[in-house]
Amino acid sequence: MTLHEDEIPVDKTLVGSLLKAQRPEWADLPLSPAGAGTDNTMYRLGDDLLVRLPRTADKGQSVRKEQEWLPRLAPLLASPIPELVHAGTPTNVFPLVWSVYRWIDGDEAGPDTVRDWAAFGTDLATVVRELHRIDLMGATRADGLNWYRGGSLGPCDQWIASCLNDCRTTVGSEVDVDSLEQLWRAALTLPEPSGPHVWLHGDLKPTNLLVREGKLHAVIDFGGLSVGFPDAEHSTLWDLPPQARQAYWDTLNLDDVTWARARAWAIAVGVSGISYYRHTFPAFVAECQARLQAILIDATAR
């Protein structure tokens, strides 16, 4: 599945050649596809390892961030996060950095895996609060940790306005794009965030939250790791049921302005995802549409 024009093709043969060249002791372990997101392709290696390869050169920068910062953040977090065991270097066949991580057992968060959504929301809020309280260790947004979701809404307005117009044409019969645009524009009039910058995971959607025995167990995929304002960190709450959202809100004691900005970020990610992946990644587009519908229902209820 190719998602980007400048994507570098990856298959088992290529991954095997990388392992043989850089970690020959793993070259004979079983290798099988382990999923693919918008930024990376993954292969399970044996029982205990995961190979993670960026799809494009700019996604390779995210891999470098993970390699540099995850070993420093992991000891400061109570929940498991990916443990780097090999920082792969570029080769002639794959000219980007890549990684091998320790495999983390668990299932994606969903109705068949989560036992108590309110408890799940509370646990997720605890993880977020813990991450946001970690010292920046000298890191700033100037250190390649300046992903757009840690900034302000205003600089994204022209881009998101275009995506809203695109969605009005493509999914306007299924999604109330006009109401979404009203929520987006209302958030643009709110005061700018003024609190201190914090560490941000950047993409705490259900596929990046692993569940074990019905409870939140681990957080994966730190490709969106950044330093910035925390509003967008809360945007994936609309991917979860209302019970989880409310428990998360209560645990972090979020104010209405922060919530409105977080909702605007959720709209931005949803409409841009539909616009960009409309013809290449239908499963992700369906996730984005579900998020937007949840936003509309929640906005009416509030």
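Quick note: structure is the one above.
Fair warning: this is a prediction, and the values are worked out from it, not measured in the lab. (Residues numbered from 1 in each chain as written. Predicted model: local features only at pLDDT ≥ 70, side-chain atom pairs only at ≥ 80, totals over all residues. Heavy atoms only, no water.)

### Description of the sheet that holds strand β2 (residues 40-45)
Inference 1: Strand order across the open sheet formed by five strands is β1-β2-β3-β5-β4, with antiparallel pairing between neighbours. Only two strands of the sheet have a single partner each, and these edge strands are β1 (31-36) and β4 (84-88). With direction set aside, neighbouring strand axes in the sheet form an average angle of 25°.
Inference 2: Two strands pair when backbone bridges link them, and β2 and strand β3 (residues 49-54) are joined in this way by six bridges, in the antiparallel orientation. (Pairing = 2+ DSSP bridges. Helix = DSSP H or I, 4+ residues; strand = E, 2+ residues; numbered from the N terminus. Axes fitted to C-alpha atoms, helices over the stretch in contact; angles between N-to-C directions.)

### Side note on the nonpolar core
Inference 1: In this structure, Phe120 and Trp199 are the most contacted members of the largest nonpolar core, which totals 68 residues.
Inference 2: Core analysis: the next-biggest nonpolar cluster, separate from the first, contains 16 residues, Val15, Val51, Leu53 and Val100 among them. (Core = buried A, V, L, I, M, F, W, Y, C linked by side-chain atoms within 4.5 Å. Buried < 20%, exposed > 50% of the residue type's maximum accessible area, 1.4 Å probe, protein only.)

### Here's the deal with the pattern of salt bridges
Inference 1: Tallied over the entire structure, the rule returns 15 salt bridges.
Inference 2: When the shortest N-O distance is used, the salt bridge between Asp39 and Lys59 registers 3.3 Å. You can see Asp39 sitting in the loop between β1 and β2 and its partner Lys59 sitting in helix α2 (residues 57-73), a full 20 residues away along the chain.
Inference 3: Using a relative accessible area of 23% as the deciding quantity, one classes Asp39 as partly exposed.
Inference 4: Residue Arg245 is joined to Asp298 by a salt bridge in which the shortest nitrogen-to-oxygen separation is 3.7 Å. Here Arg245 is found in helix α6 (residues 242-252), whereas its partner Asp298 is found in helix α8 (residues 282-301), with 53 residues between them in sequence. (Salt bridge = Lys/Arg side-chain N within 4 Å of Asp/Glu carboxyl O.)

### Here's the deal with the packing of helix α5 (residues 177-188) against α8
Inference 1: Put simply, α5 and α8 touch, their axes get as near as 10 Å, and they point 70° apart. Looking at the two axes, α5 sits roughly perpendicular to α8. For the pair α5 and α8, the contacting residues are Ser179, Leu180 and Leu183 in the first and Leu292, Ile295, Leu296 and Ala299 in the second.
Inference 2: Among the residues making up the contact of α5 with α8, the classes are represented as six nonpolar, one polar and no charged. (Parallel < 35°, antiparallel > 145°, perpendicular 65-115°, else oblique. Contact = heavy atoms within 4.5 Å. Nonpolar A, V, L, I, M, F, W, Y, C, P; charged D, E, K, R; others polar.)

### Description of the side chain of Arg291
Inference 1: For Arg291, the position within the fold is in helix α8.
Inference 2: With residues up to four places along the chain from it excluded, the contact list for Arg291 reads Lys205, Ser235, Thr236, Trp238, Asp239, Ala266, Val269 and Gly270.

### Some points on helix α3 (residues 117-132)
Inference 1: If you check α3, its first and last C-alpha atoms are 22 Å apart, about what 16 residues at 1.5 Å a residue would give, namely 22 Å.
Inference 2: Its side-chain oxygen at 3.0 Å from the backbone nitrogen of Ala118, Asp116 defines the N-terminal cap of α3. (Expected span 1.5 Å × (residues − 1). Polar contact = N/O pair within 3.5 Å; in protein donor to acceptor, adjacent residues only side chain to side chain.)

### Here we look at the pairing of β1
Inference 1: Bridge analysis of β1 against β2 gives four bridges, and the strand direction is antiparallel. Among the inter-strand pairings, Pro33 is bridged to a residue of β2, identified as Tyr43.

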